[in-house]
Structures are given as structure tokens and as C-alpha cells.
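A look at the structure
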Amino acid sequence: MPTRARSSPTWSCTCAAGAPATTRNWPTEPTGTPRAHRRCPATRLAPHGAPQVCAKVPTAGGKTFIGLHALASIFAALERRQGDARLCLWLEPSLSILDQVLRALRTPEHPYRLTLNRLFEGRVSVLDKRELLAGQLSRDEVEDGLVLAVLTYDSLKARNKDDRKLYQENSALDDLSDSALAVAEGIDPHSLVAAMAGLNPVVIVDESHNVTSALSQDMLRNLNPAFVFELTATPRVGANIVSFVDAMALRDQRMVKLPVIVRNLPDRGAVLGHAIYLRTRLEAEAQAEQEQGGAHIRPIVLIQAESRSKSDAQTFEQVKAELLARGIPEAWVKIKTAERDELKGLNLLAADCPVRFIITVNALKEGWDCPFAYILATLADRSSAVDVEQILGRILRQPYVRAHGQEPLNMSYVLTASSVFNQTLEKIVAGLNRAGFSRHDFRTPDLPEDEGSSAITAKVVPEPAPAPVENLPLFAADTACQDTTATTLATAENKSSEPSANDVEATMQAAITAQAELDAASAATAGRAIPLDVRNAMDLYPLRPEFAEEIRALRLPQFFRQAPAGLIFTDEDGGVLLDKAQLLDHEFRLADCDVNDFALAPASGDLVKLDLLRVGDVQGDYEPTRIRLKDTEIRKWRDYLSSLDPEAKRRQLTGLVGNWLGKMPPLAESDLQAYIHKVLARLSPAQLDEVLEQQNAYVDSIRQRVRREMLDFARRRFRQWIDLRKVDTRPFYRLPDEIAPRQKAPVAADNSLYLREEHGNGLEERMADFLADCENLRWWHRNPSGRGFCLNGPFNHYPDFILRLRSGLIVLLETKGGDRDNSDSDAKIELGRLWETCAGRDYRYLMVFENNPPAGAHSWAEACTLLRQL
């Protein structure tokens with residue numbers, strides 16, 4: 001984490017960036033460079049002199065969560081002395097976003113506030129501009145805990161009389177007057193800005209691509225920040241990107257509804273009609289899933305009316321009247337504009353909320369999130385390109401952050417009516433880029449010309465030739481590393497403007513097909529995507545030329561499963577790449593798992609016994625001493641001090657523990673809640689108090705147990721599928737043409753696969769040294785955990801090394817040093833053995849222990865001898 005040199009405006013960096021990575025070692029500075037003046041290569045020093053770094057996160061990627069967690073790391077890295085302040089200024093681009101963030105941070109049960117309370121031990125105050133001006137920013141609160149002040153950019157740019165109050169004398173801030181710091185001319189030393197500047201705050205800038213002007217930079221300089229952390233989907237030019245979230249990773253984690261299905265229709269009436277029919281079909285799919293135990297989803301259509309200046313109000317009313325004329329109940333329709341907000345006070349996620357259509361222009365372009373929004377219907381004039389990029393991100397969030405059984409519920413939809421549809425598509429692509437995604441994340445349905453719309457035909461064809469890495473679009477797959485596809489678009493006119501059941505069915509089928517294609521593309525390019533705006537800050541190392549042709553032809557075996565009936569996209573043998581979630585199907589019910597052997601160890605927590613013990617032999621000389629309580633005493637005292645009825649506690653804790661655990665895909669929420677209730681039913685009143693007071697320890701115990709139950713079931717199912725030949729291995733994974741080590745090895749080896757490999761720790765480094773000198777080895781590669789080749793079984797296992805002997809034998813090698821938690825060794829050995837058996841005689845799996853290897857593993861000496869003899 002970058003740390004500021006307090007005596008100097010320059011700073012050093014020991015954190016940082018990677019591909020895709022959260023940490024990186026920067027090259028050594030020239031000898032004699034003062035540490036306080038060192039800087040990361042490819043980074044730019046901000047005008048205010050403090051460290052300013054950026055996290056690139058697509059829409060729906062959890063920017064706020066990342067910022068909250070970053071706060072704890074930043075304050076810890078700043079090494080604040082006792083008495084220093086913990087003030088964070090959280091800057092938002094608009095009042096609508098500010099209101100949303102403030103409301104979440106002030107709601108005790110909201111995940112944002114729960115996160116803050118956990119990170120800062122509950123000592124958190126959240127203030128807005130009015131409260132700051134009223135003097136509620138006190139020295140005691142900033143020294144004892146965290147004060148998080150949420151403001152807009154504009155409130156600090158002093159454009160109007162009300163905002164200028166932040167820069168004017170304020171007698172309510174006398175408590176901070178001794179440390180106030182007026183950093184620029186025109187700032188009163190007794191103003192709120194001067195008081196905040198004197199506290200050397202950490203500044204979080206949300207949507208930081210909006211903060212690029214000279215006025216914005218003056219705003220940051222006036223705050224005298226200790227650290228500035230940017231959050232954005234589209235970093236500004238020159239941003240110091242230290243971390244990025246891959247858009248495909250969001251899709252793979254089911255955080256977003258991708259791909260986007262785009263349809264072009266003859267006129268605005270056809271758009272409305274199709275939106276109504278499509279939404280009805282989606283709701284039917286959602287209801288069918290809910291009847292099978294799924295969560296409540298009520299699909300919503302966002303209708304983007306065309307802006308006509310003064311006639312906007314009439315335009316909205318006309319759209320609403322047309323919906324009512326088509327039989328839509330009035331309670332289902334709401335209007336949201338800058339002047340008219342019929343959504344205020346409504347909980348759109350509530351089961352009893354009737355809203356299914358929301359009419360807007362651009363009022364929803366930011367600061368508004370509802371995962372039930374599925375369809376964006378644009379009603380622009382047919383001769384103009386639809387301006388949709390501002391609000392496209394409003395339909396991307398996935399309900400409940402998990403895949404749904406009905407595939408159409410995992411997509412989002414855009415309906416347009418434009419004769420210049422190519423321009424509209426460019427707007428949609430711009431909207432995806434704006435949200436942090438690429439043009440590969442949308443599809444247009446392939447429909448025949450007589451199917452009731454002017455559809456766009458999408459055909460997937462092989463890429464004729466690999467494109468240079470430098471020319472790839474943002475988040476596109478590395479075509480030099482994987483076979484990719486290109487989308488060919490062509491328009492087709494249609495005469496009918498009213499949708500039919502077949503028409504909607506065709507759109508749904510196109511969605512399912514697109515989803516299967518995207519699944520396959522995601523699997524084929526896993527770990528390959530490197531955003532262009534990050535590449536310049538990375539150390540990239542290519543394959544050694546003598547191995548390049550061999551590696552481009554090599555496909556390492558991975559597990560494939562027999563495709564279930566009805567799946568459209570499979571390989572030529574009817575298989576799909578195995579995903580661990582597929583092993584946990586409807587037959588796995590967590591609530592049926594045995595909990596009789598599940599014991600929660602007692603923790604004393606804040607229950608302390610103090611007594612007087614004699615000191616030495618001097619009579620009357622006693623010292624207050626903390627006495628260790630036995631487990632039985634802890635339980636006795638907690639039972640005695642318990643005040644809540646046990647059943648009431650269990651009901652309360654079932655919901656709380658579920659919230660603390662969060663989502664655990666692919667488990668259904670109802671199944672997880674039933675399991676929690678089953679665990680809590682066995683606990684005494686004293687233990688229930690412990691769970692409430694020591695939530696981190698106990699929730700982690702439950703989480704680990706749930707994961708163990710899931711893994712045990714998946715391992716049994718995996719062995720069964722292999723025995724039944726439902727799972728086998730097929731050549732699939734291709735090693736990339738270049739790598740970006742998070743920490744590169746200090747010395748290159750002439751038989752390493754890449755010009756520089758990743759640096760290991762402990763036994764990994766020792767093994768790399770051995771492999772570099774091993775005569776019968778053709779090449780070896782340090783396989784990066786979480787980013788490289790994995791054995792994709794009941795869990796994803798990333799072996800430490802991949803080697804090829806001169807005999808042609810390929811060996812996966814996993815090292816286990818004495819400093820590691822080796823509780824997962826048995827499962828890895830089993831998975832490696834099954835892979836070896838299925839892959840054939842040309843492949844081997846070895847696990848190497850520094851000391852005392854378990855059954856199926858090798859000691860260091862045994863492994864070295866074996867490798868030399870293979």
C-alpha cells in the first residue's frame with residue numbers, strides 16, 4: 001500500500017498493480033535514491049503531493065465495498081500515531097448517489113454499515129454537509145474512531161452561495177481551530193475546509209473519471225489529503241491503476257446480467273408491445289422458478305422516452321396513457337424525471353410492490369440501482385440514434401448475485417426503434433464501455449425476416465487471424481492466446497409491428513444461445529483478458545522463442561462433463577467444461593446435513609473474572625489479577641447473565657447469521673437459512689449469546705463447515721461421475737503467450753518456459769532452483785495461483801509448477817512447505833490422481849512435502865530422485 005512521507009510531498013510505493021493482480025513489486029530504484037523520493041514507474045504524482053491511486057471496477061462490481069475495505073488498509077498503512085485523526089471524505093458526483101450512499105451507511109443492518117462496524121470496531125460516525133457545518137465534526141470522534149463525511153464534488157467547488165459556506169468562517173468548529181489549515185488563498189482559516197485539511201483526511205473519489213478539471217484538482221489540493229483512492233469503471237488518462245476487476249469475472253460470479261440481447265423494431269409502438277410481451281414472459285419464468293424454491297423476482301421495464309425539452313411532461317403522459325390503453329394497471333407504471341419522482345419511498349424489491357414499468361429519459365443514469373430492471377425500451381425517433389449509454393448500466397445488476405435456473409433471467413434486454421441501428425449499437429457499446437465492459441458482452445438475436453421485427457442477425461464465425469495484443473479492445477480476450485470469435489452484424493427489415501408469442505420466444509431462444517456462447521468464450525479465455533489501460537504499467541514476459549511453436553499447439557487436459565439434455569452449445573463430442581457448481585445440483589440439500597458433530601468452541605469474549613492474589617510472602621500485599629475461566633464456568637456465567645428468551649434469540653440469530661455469512665452460491669438462501677436454524681437449535685442460551693457477541697469467530701466456523709459439506713458432497717459426486725463416465729478429460733487449456741508475474745523471479749533460467757517466471761516462497765523457490773538445474777527437463781513454468789491452469793474438479797486446484805520432460809511427459813507439481821496449512825492436501829492428491837488417470841500415460845501429478853508426506857505424496861528427496869529418473 002502506498003505510504004506518504006510526512007515530511008515531504010513525494011511518496012514511496014510498496015504496493016500495487018498487476019495483471020490482473022492486487023499486488024506488485026516495482027523494479028529496484030537506482031542506487032542512492034532517497035526513499036522519500038522514490039516513485040513507481042509509469043505512475044504520476046498528483047498536484048496535491050499525496051499518493052493517488054485508482055481501482056478500476058465495472059458497474060455492479062462493488063466499488064463501494066472495495067472502498068470501504070480499502071479504508072482500513074489505508075489507515076493502517078499510514079501508520080498513524082496515537083492521537084492522529086481518522087477522517088475520510090467520501091466524494092460523490094451527484095446528490096442522487098450521495099443520498100443513496102448516505103442512506104446505506106446509516107442503516108444499521110445494511111452490509112455497508114456492517115462492514116464499517118466490523119473494520120472499525122463499531123466506532124464510526126457518518127456525517128453529511130449539513131451536519132459538518134453544524135459542528136458535528138469533533139476531535140474526540142476522529143481520534144477515537146472513524147468519521148466518514150459524504151459530500152458531492154460540487155459542494156467543494158464553491159459554485160453557489162450555499163456551497164461557499166464550506167470555505168467561510170464557522171464558529172461551530174472551535175474544537176478544531178488549533179489544527180485548522182488554510183492551504184490556499186481565499187480559504188478562511190476558521191472554515192470547515194480548513195478544519196478538514198488540518199486533519200489530513202483520506203479521500204475516496206467515486207466515479208473519479210469526472211474529476212479531471214483544474215477546478216477539481218484545486219478541490220483536492222485544498223483538502224490536504226493524506227491519500228486519495230479513486231473508484232471508477234473508466235479511469236481517466238494517466239490514472240495510477242493499482243487494481244482492476246475483470247468484467248468477465250463479474251459475469252462469471254453472476255453479479256451482472258450478461259450478455260445484453262439487443263432488438264431493433266419498426267416503430268415505437270412495436271417497442272412498447274414487445275416490451276410488454278417480453279416482460280410478461282420473463283415474469284412467468286420468474287414465478288416458475290419461485291415455485292421451485294427460487295427467490296422472488298419481478299422483472300421491470302425501463303422505458304426511455306425521447307427528450308423533447310418543454311414537451312417532456314406530455315411525452316411521459318403519452319407513454320403512460322399508451323401503456324394503460326394496452327391493459328397495463330396504473331399501479332404498475334411510475335414516472336421518474338428530474339422534476340417528477342414517483343419512485344420516492346418505494347421499495348422496488350418488496351414482494352408486494354406492484355411497479356413493473358418505469359418511464360424516464362436520463363433521470364436514472366446514475367445513483368439508481370434495482371436488480372429487477374431487465375428491459376431497457378428506448379422510444380427515440382426512428383431517424384435518430386438512441387442515446388442509451390447513460391442508463392444502460394441500470395439493467396445490468398443480477399438479482400441476488402447468483403445464476404437463476406431459467407436462463408432468460410440471467411440476461412438483460414435492450415429494445416430500440418431506429419433506422420440508423422448501427423449508430424444505436426455504437427451507443428450501446430459506448431454504454432458497455434462506460435460501465436467497464438466491452439463490445440463482446442452484447443448479442444443481437446438471429447431471427448428470420450418474417451418473425452415480426454427488424455431484427456439484427458448475429459453470426460459467430462472464427463477469427464481469421466490473431467490480432468496483435470496491443471490492438472485488442474478493452475477486456476477482449478487475448479487472441480494470441482485463445483481461439484476467439486467475431487460477431488458479424490446485418491440488418492433485416494420486417495413489416496409487422498406487433499409482437500407475437502413466437503417473436504418473443506425467438507428473442508428468449510436467442511438469449512439462451514448467446515449465454516451458451518458466452519459461457520464457452522469465458523471458459524476458453526479464462527485469465528487472459530488484460531485491459532489496455534493497465535498494460536503500460538505491467539512487466540510482461542513472453543514465451544522463450546524456442547518453445548513458442550510447441551506451446552501454441554499444446555492443450556492441457558481439463559475435466560469435461562457430458563452435456564445435459566437441451567444444452568445448445570457443446571464441443572464436438574457433446575461435452576462442456578466442468579464447473580464445480582455443476583456438482584452441487586438439486587440433490588444437494590445443506591439442511592439435510594448432519595450437525596451432531598458440529599461443536600462451537602466457547603470463547604470468553606468480554607466476560608472476565610478478576611480477583612486479588614497475594615504477591616510474594618508479604619501479608620496484605622495483593623494484586624488484581626485476571627483469572628482464566630474454565631469452559632464450564634464460561635457457560636454457567638453466560639446462562640446466568642442471559643436475558644433474552646432462547647427461542648427469540650434463535651429467531652433473531654438465524655437472520656443475522658445469514659446476513660453475516662452473505663451469499664454462498666450455488667446454495668439457495670432458503671437452504672442456507674434452514675441449515676443455520678438447525679445449527680442454532682442445538683445451542684444453549686449461553687452459546688447463543690456467544691454467537692451474537694463473538695460473531696466473527698462463530699460465523700467463520702459455520703462458513704467453514706458449510707464449505708466442507710459442499711466440498712464433501714462434490715467430491716463424492718465427482719468420483720461417481722467419473723466411474724459412470726459422465727466426466728472425462730479433454731485437451732483444452734492453452735498456456736498464454738506472455739505472463740505478468742506479480743513478483744518476478746530475481747534470476748532468469750534458460751529452461752524456464754517464459755523469459756521470467758513468478759517468484760515463489762519457501763519450498764516453491766527451492767523447487768524452482770532444482771528445476772533450473774534438472775538435465776532431463778525440457779521446460780518448466782511457475783503456474784500462478786488463481787490465474788493459471790487449474791484442475792477443475794470439486795474445487796479449482798492450481799498446481800505450483802507445470803513441467804515437460806525431454807521424454808515428452810508433462811508433470812503437474814504441487815509443493816507443500818512446513819509453513820503452510822496443508823489441510824487440503826488429501827483432496828488435492830485425490831484430484832491430481834483422478835486427473836492423471838483420466839488424462840493418460842503422458843501426464844503425471846506429484847505433490848511434494850518438505851517433511852512427513854502423507855499417503856500419496858512424496859518427500860523432497862523422493863521427488864527429486866523421481867524427477868531425474870522420469
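Criteria and thresholds
Residues numbered from 1 in each chain as written. Predicted model: local features only at pLDDT ≥ 70, side-chain atom pairs only at ≥ 80, totals over all residues. Heavy atoms only, no water. Core = buried A, V, L, I, M, F, W, Y, C linked by side-chain atoms within 4.5 Å. Buried < 20%, exposed > 50% of the residue type's maximum accessible area, 1.4 Å probe, protein only. Helix = DSSP H or I, 4+ residues; strand = E, 2+ residues; numbered from the N terminus. Contact = heavy atoms within 4.5 Å. Patch = residues over 30% accessible without salt bridge, like charges linked within 9 Å, V, L, I, M, F, W, Y side chains within 5 Å. Areas by Shrake-Rupley, 256 points an atom, 1.4 Å probe, with all protein chains shown as cover. Salt bridge = Lys/Arg side-chain N within 4 Å of Asp/Glu carboxyl O. Lys, Arg positive; Asp, Glu negative; His and termini not counted. Charge placed at Lys NZ, Arg CZ, Asp CG, Glu CD. Phe/Tyr/Trp six-rings, centres within 6.5 Å; stacked < 30°, edge-to-face > 60°. Lys NZ or Arg CZ within 6 Å of the ring centre and 35° of its normal. Expected span 1.5 Å × (residues − 1). Bend = angle between axes of the 7 residues up to and from the residue. Pairing = 2+ DSSP bridges. pLDDT = per-residue confidence, 0-100. Polar contact = N/O pair within 3.5 Å; in protein donor to acceptor, adjacent residues only side chain to side chain. Axes fitted to C-alpha atoms, helices over the stretch in contact; angles between N-to-C directions. Parallel < 35°, antiparallel > 145°, perpendicular 65-115°, else oblique. Left-handed = near helix turned anticlockwise from the far one by under 90°. Nonpolar A, V, L, I, M, F, W, Y, C, P; charged D, E, K, R; others polar.

**A short note on the nonpolar core**
- Counting residues in hydrophobic clusters, the biggest one holds 61 residues, and the most contacted among them are Val-706 and Leu-735.
- For this core, the leading source of residues is helix 19 (residues 695–723), giving 10 residues.
- Sequence-distant contacts of Val-706, that is, excluding residues within four places in its chain, are made with Leu-590, Met-664, Leu-667, Leu-672 and Tyr-675.

**Topic: helix 14 (residues 545–553)**
- Within helix 14, burial applies to Phe-547, Ala-548, Glu-550 and Ile-551.
- Packed against the buried residues of helix 14 are strand 26 (777–782) and strand 29 (801–805).

**Description of unusual backbone geometry**
- A positive phi angle, close to 50 degrees, is found at Glu-207, a residue other than glycine.
- As for its position among the elements, Glu-207 is in the loop between strand 7 (202–206) and helix 7 (214–222).
- We note that Asn-224 has phi near 50 degrees; this positive angle belongs to a residue other than glycine.
- Note that Asn-224 resides in the loop between helix 7 and strand 8 (227–232).

**Description of a negative patch on the surface**
- A grouping of Asp-140, Glu-141, Asp-144, Glu-169, Asp-174 and Asp-175 is seen on the molecular surface, where their side chains present a negatively charged patch.
- Looking at the element boundaries, Asp-140 is found in helix 5 (residues 139–144).
- Judged by relative accessible area, Asp-140 falls into the exposed class, the value being 55%.

**Points about the packing of aromatic side chains**
- Under the definition given, this model contains 10 aromatic pairs.
- Seen in terms of ring centroids, Tyr-733 and Phe-789 are 5.4 Å apart; in terms of plane orientation they differ by 65 degrees. Their pairing is edge-to-face. Placement of Tyr-733 in strand 24 (residues 727–733) and of Phe-789 in the loop between strand 26 and strand 27 (791–792) is noted, with a sequence separation of 56 residues between them.
- Residue Phe-789 is classed as buried on the basis of its relative accessible area, which comes to 0%.
- Taking 6.2 Å as the distance between ring centres and 70 degrees as the angle between the ring planes, the aromatic pair formed by Phe-770 and Trp-860 counts as edge-to-face. In this pair, Phe-770 is assigned in helix 20 (residues 763–772) and Trp-860 in helix 22 (residues 860–869), connecting sequence segments 90 residues apart.
- Residue Phe-770 is classed as buried on the basis of its relative accessible area, which comes to 10%.
- Just above the ring of Tyr-374 sits the side chain of Lys-257; from NZ or CZ to the centre is 4.4 Å.

**As for helix 1 (residues 63–77)**
- The end-to-end C-alpha separation of helix 1 is 20 Å, in line with the 21 Å expected for 15 residues at 1.5 Å each.
- The principal kink in helix 1, of about 25 degrees, is found at Ala-70.
- Listed as buried for helix 1 are Lys-63, Thr-64, Gly-67, Leu-68, Ala-70, Leu-71, Ile-74, Phe-75 and Ala-77.

**Focus: the pairing of strand 7**
- The buried count for strand 7 comes to 5 of 5 residues, which makes it a mostly enclosed element.
- Side chains of strand 7 alternate between two faces, with Val-202, Ile-204 and Asp-206 and Val-203 and Val-205 buried alike.
- Pairing geometry for strand 4 (residues 87–92) and strand 7, over 4 bridges, is parallel. Directly across from Leu-91, in strand 7, lies its bridge partner Val-205.
- Bridge analysis of strand 7 against strand 8 gives 5 bridges, and the strand direction is parallel. Counted as the bridge partner of Asp-206 is Leu-231 from strand 8.

**A short note on the sheet that holds strand 26**
- Pairing is mixed across the open sheet formed by 5 strands, whose spatial order is 26-29-30-31-32. Strands at the two margins of the open sheet, each flanked by one partner only, are strand 26 and strand 32 (858–859).
- Pairing between strand 31 (residues 843–849) and strand 32: 2 bridges, direction parallel. From the neighbouring strand, Val-848 faces strand 32, where its bridge partner is His-858.

**Considerations on the confidence of the model for the protein**
- Per-residue confidence for the protein gives a mean pLDDT of 75; residues scoring 70 or more make up 69%.
- Mean pLDDT across the elements of the protein ranges from a minimum in strand 18 (residues 485–491), with 26, to a maximum in strand 29, with 96.
- Within the model, pLDDT remains below 50 along residues 1–41, and this stretch shows 106 contacts once partners closer than five positions in the same chain are excluded.
- In the predicted structure, residues 446–497 sits below a pLDDT of 50 and forms 129 contacts with residues beyond four places in sequence or in another chain.

**Quick look at the side chain of Arg-782**
- Position of Arg-782 among the secondary structure elements: in strand 26.
- At 3.2 Å, the side chain of Arg-782 forms a polar contact with the backbone oxygen of Asp-800.
- Beyond its immediate chain neighbours, meaning those up to four positions away, Arg-782 contacts Glu-757, Glu-758, Gly-760, Glu-764, Asp-800 and Phe-801.

**Observations regarding the sheet that holds strand 21 (residues 575–577)**
- In space, the 3 strands of this open sheet follow the order 21-20-24, with antiparallel pairing throughout. Only two strands of the sheet have a single partner each, and these edge strands are strand 21 and strand 24. Averaged over neighbouring strand pairs, the angle between their axes works out to 50 degrees when direction is ignored.
- Examined bridge by bridge, strand 20 (residues 556–562) and strand 21 share 3 bridges and lie antiparallel to one another. Paired with Arg-561 across the strands is Val-576, a residue of strand 21.
- Across the sheet, helix 21 (residues 825–839) touches strand 20 and strand 24, and the angle it forms with strand 20 is around 90 degrees.

**What to know about the packing of helix 20 against helix 22**
- It is at 12 Å that the axes of helix 20 and helix 22 come closest, and there the two elements cross at 25 degrees. Judged by the angle between their axes, helix 20 and helix 22 are roughly parallel. The chirality of how helix 20 crosses helix 22 is right-handed. Where helix 20 approaches helix 22, its residues Leu-763, Arg-766, Met-767, Phe-770 and Leu-771 are matched on the opposing element by Trp-860, Cys-864, Leu-867 and Arg-868.
- Classifying every residue of the contact of helix 20 with helix 22 by side-chain character gives 7 nonpolar, no polar and 2 charged.

**Quick word on the pattern of salt bridges**
- A complete count under the given rule lists 34 salt bridges for this structure.
- Between Glu-550 and Arg-778 there is a salt bridge, with the nearest N and O atoms lying 2.6 Å from each other. Of this pair, Glu-550 sits in helix 14 while Arg-778 sits in strand 26, and the two are 228 residues apart along the sequence.
- Here Glu-764 ties to Arg-782 by a salt bridge, and the two come within 2.8 Å at their closest N and O atoms. Here Arg-782 lies in strand 26 and Glu-764 lies in helix 20, a separation of 18 residues in the sequence. Considered together, Glu-764 and Arg-782 belong to a single accessibility category, that of buried residues.

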